[in-house]
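Observations on the model geometry
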Amino acid sequence: MKLGLVIEGGGMKCAYTAAILDRMMDDGIRADYVIGVSAGCACGASYLAGQKDRNRRFFVKHMMDPECLGLTAWKSSGSVFNLKRIYGEYTEEGGIDPLDYDAISENPAEWWAVATDAETGKPHYFSKYDISGHDYTAVMASCAIPVVCRAVEFHGRKYYDGGCSNSLPVQHALEAGCDKVIVILCRPRDFVRQPEKMRFAYKTVLRHYPELVESIEMRHIRYNRQLRATRKLEEEGHAFIFAPHEPIEVSTYTSDSSVLQGIYDKGVREYGEDRERFLNFLK
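Description of the structure in this document. (Residues numbered from 1 in each chain as written. Predicted model: local features only at pLDDT ≥ 70, side-chain atom pairs only at ≥ 80, totals over all residues. Heavy atoms only, no water.)

Here the focus is empty space enclosed by the protein. In the structure shown here, the tally under the stated rule is one cavity of 30 Å³ or more. Forming the boundary of the largest cavity are 22 residues, of which Ala39, Ala42, Ile86, Tyr87 and Cys143 lie nearest the centre. Of all the secondary-structure elements, those providing two or more residues to the lining of the largest cavity are α2 (39-49), α3 (54-60), α5 (83-90) and α7 (137-143). Counting residues per element, the lining of the largest cavity draws most heavily on α2, which supplies five residues. Counted by class, the lining of the largest cavity contains 16 nonpolar, five polar and one charged residues. (1 Å grid on protein atoms, 1.4 Å probe; cavity = no way out; pocket = protein on both sides within 12 Å on 5 of 7 lines; lining within 4 Å. Points joined across faces, edges and corners; volume = space filled by probe spheres on them. Helix = DSSP H or I, 4+ residues; strand = E, 2+ residues; numbered from the N terminus. Nonpolar A, V, L, I, M, F, W, Y, C, P; charged D, E, K, R; others polar.)

Below, the discussion takes up unusual backbone geometry. Backbone phi values are negative for most residues with the exception of glycine, while trans is the configuration of most peptide bonds. Positive phi outside glycine occurs at Ser38, with the angle close to 55°. Mapping Ser38 onto the fold places it in the loop between β2 (33-37) and α2. Judged by its relative accessible area of 7%, Ser38 is buried. Positioned with a positive phi, Val147 is a non-glycine residue whose angle comes to about 80°. Mapping Val147 onto the fold places it in the loop between α7 and β5 (152-154). (Buried < 20%, exposed > 50% of the residue type's maximum accessible area, 1.4 Å probe, protein only.)

Take the environment of Asn107 next. Inspection of the secondary structure puts Asn107 in the loop between α6 (101-106) and β3 (110-117). On the accessibility criterion, Asn107 (18% relative accessible area) is buried. In this structure, the C-alpha to C-alpha distance between Asn107 and Gly50, residues 57 residues apart in sequence, is 9.4 Å. In this view, Asn107 contacts Leu48 and Lys128; residues no more than four positions away in its chain are not counted. (Contact = heavy atoms within 4.5 Å.)

Turning next to the layout of surface pockets. When its volume is computed, the largest pocket comes out at roughly 1000 Å³. Arg193, Glu196, Arg219, Thr252 and Tyr253 are the residues nearest the centre of the largest pocket, which is lined by 36 residues in total.

It is worth spelling out the packing of aromatic side chains at this point. Under the counting rule described, the total for this entry stands at 12 aromatic pairs. Seen in terms of ring centroids, Phe126 and Tyr159 are 5.1 Å apart; in terms of plane orientation they differ by 75°. Their pairing is edge-to-face. A residue pair is termed long-range when its members are at least 10 positions apart, and Phe126 in strand β4 (residues 123-127) and Tyr159 in strand β6 (residues 157-161) qualify at 33 residues. Phe126 sits in the buried class, given a relative accessible area of 2%. Grouped by ring-pair contacts, the aromatic residues Phe240, Phe242, Tyr271, Phe278 and Phe281 constitute a single cluster. A cation over a ring is seen here: Lys180 above Phe281, with NZ or CZ 4.8 Å from the ring centre. (Phe/Tyr/Trp six-rings, centres within 6.5 Å; stacked < 30°, edge-to-face > 60°. Lys NZ or Arg CZ within 6 Å of the ring centre and 35° of its normal.)

Another aspect to go through is helix α1 (residues 15-26). Helix length check: α1, at 12 residues, gives a terminal C-alpha distance of 17 Å against a target of 16 Å (1.5 Å per residue), a fit within 8%. Among the 12 residues that make up α1, 10 are buried, leaving the element largely enclosed by the rest of the structure. The inward-facing, buried residues of α1 abut β1 (3-7), α2, α3, β7 (180-184), β8 (239-242) and α12 (257-282). Gly28 sits one or two residues past α1 and shows a positive phi near 70°. (Expected span 1.5 Å × (residues − 1).)

Our focus in this paragraph is the packing of helix α10 (residues 210-217) against helix α11 (residues 219-235). Packing of α10 against α11 brings their axes to within 4 Å, and their N-to-C directions diverge by 50°. Between α10 and α11, the angle is such that the two are oblique. Each of Ser215, Ile216 and Glu217 in α10 lies in contact with α11, whose residues at this interface are Arg219, His220 and Arg222. In terms of residue class, the contact of α10 with α11 is built from one nonpolar, two polar and three charged. (Axes fitted to C-alpha atoms, helices over the stretch in contact; angles between N-to-C directions. Parallel < 35°, antiparallel > 145°, perpendicular 65-115°, else oblique.)

The next subject is the environment of Val259. With respect to the secondary-structure elements, Val259 resides in helix α12. Note on Val259: relative accessible area 32%, which makes it partly exposed. A C-alpha to C-alpha distance of 9.8 Å links Val259 and Ala15, two positions 244 residues apart in sequence. Residues in contact with Val259, not counting those within four places in the same chain, are Val250 and Thr254.

Scope: geometric values only; no functional claims are made or implied.
Right under this line is the structure:
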């Protein structure tokens, strides 16, 4: 059986994701195929490397660094999330809390990060062969939220957050041959995405990328369709969804350490509540 793992993005809400992945590691659950969007792809990389607690440290500790998130980060990098600080100075080999790239390379599982091509508005899928211990530009590309982050240039093209074009790439996992898929969400399973807010802002900032703007305009329709399809897969026994039992009422940009630890603890607790059902799904 080829086991897939799909991780949606959600900024700092992914502290919940960090807990689910840590508990999966505790239970020795190893996926054969991991695909993540935005912060989800970064969480998936730590999972693939077997670095338990690393994701939690980023959300609860490292993101309190004013050079990583907020006004100071904006002044130094031009982005609310200083991606070069987070995925460079912290993550690269020799960094403050480096990702174990050797472990990722030696792990036979696939790893994919979804980004959005700024010119076409279509998803682009980076594999673990697009990263190295000294270059996580592909992760930065997946995490570059329009308006609050600058586009990330990689191999001559510009990219934004993967959520702009494919927020929930379950179909991509199925097309890769996964027989069963674990899906980790940052919002309840019955969540209904609404049209994007601040339309004037992104239409103005992204005016040179009309295809990207169109993709963002369609995001809620695409996401709601994908989530309905994923719930149906779960009913049929082909997917298992981890999702907050109640909404996580925090901003994508939350920087309160105690709040983020609370979100992590919520994930640990809810994994325990869903664990027996989850292990039965894997059999």
